[in-house]
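# Analysis of the macromolecular model
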Amino acid sequence: MSGGRAVRTFCRTPDEADRVLRVMAEEGLARGANGLKVYVMAEIPSNVIRATEFAERFDGFSIGSNDLTQLTLGVDRDSAELATQFGADDPAVLSLIRQLIEAAHAAGKPVGFCGQA
């Protein structure tokens, strides 16, 4: 929380993942304890590019297709003027989704979807 407002951020790097997991463990939510599984939201291209490193830290992935599309194409998904340019079926977005699924499966990790795709 910042100034009473919730702050949402992405897990951009493996170092950030390590910090998040460390804080969770300090608060009694250790990955693996009592069967706790921790998934990372794959919402930005760096999650795909570094998927192997993220797979070492998390139990699985959930693809946030809306944010991944927006941040891959550089298109504001809430803009009526740009709505026709926003699509998870764009070849660049589909390529990233495919890459992530392949990397996750190679690491033995499950993948799910969240978002309009």
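Up top is the structure these notes are about.
Everything quoted here is computed from the prediction, not taken from an experiment.

## Things to note about the side chain of D59
Looking at where D59 falls in the secondary structure, it is placed in the loop between α3 (51-57) and β2 (60-64). A distance of 2.9 Å separates polar atoms of two side chains, one belonging to D59 and the other to R31. Setting aside anything within four residues of it in sequence, one finds D59 in contact with R31, L36, K37, V38, Y39, K109 and P110.

## Focus on unusual backbone geometry
Notably, N34 is not glycine yet its phi reads approximately 55 degrees, a positive angle. Relative to the elements of secondary structure, N34 occurs in the loop between α1 (14-26) and β1 (39-42).

## Let's talk about the packing of aromatic side chains
This model, assessed by the stated rule, comprises one aromatic pair. With a centroid separation of 6.5 Å and 25 degrees between ring planes, the pair formed by F54 and F58 is classed as stacked. Of the two residues, F54 and F58, both sit in the buried class.

## Things to note about the sheet that holds strand β3 (residues 111-114)
Taken together, three strands build an open sheet; the order of strands is β1-β2-β3 and the sheet is parallel. Pairing within the sheet leaves two strands with one partner each, and these edge strands are β1 and β3. Sheet twist, expressed as the average angle between the axes of neighbouring strands with direction ignored, equals 25 degrees. In this structure, β1 lies alongside β2, joined through four bridges in parallel fashion. Bridge pairing links V40 to F61 in β2. Here helix α4 (residues 65-73) sits on the sheet and contacts β1, β2 and β3; the angle it forms with β2, its principal contact strand, is near 65 degrees.

Quick notes on the rules
- Residues numbered from 1 in each chain as written.
- Predicted model: local features only at pLDDT ≥ 70, side-chain atom pairs only at ≥ 80, totals over all residues.
- Heavy atoms only, no water.
- Helix = DSSP H or I, 4+ residues; strand = E, 2+ residues; numbered from the N terminus.
- Polar contact = N/O pair within 3.5 Å; in protein donor to acceptor, adjacent residues only side chain to side chain.
- Contact = heavy atoms within 4.5 Å.
- Phe/Tyr/Trp six-rings, centres within 6.5 Å; stacked < 30°, edge-to-face > 60°.
- Buried < 20%, exposed > 50% of the residue type's maximum accessible area, 1.4 Å probe, protein only.
- Pairing = 2+ DSSP bridges.
- Axes fitted to C-alpha atoms, helices over the stretch in contact; angles between N-to-C directions.

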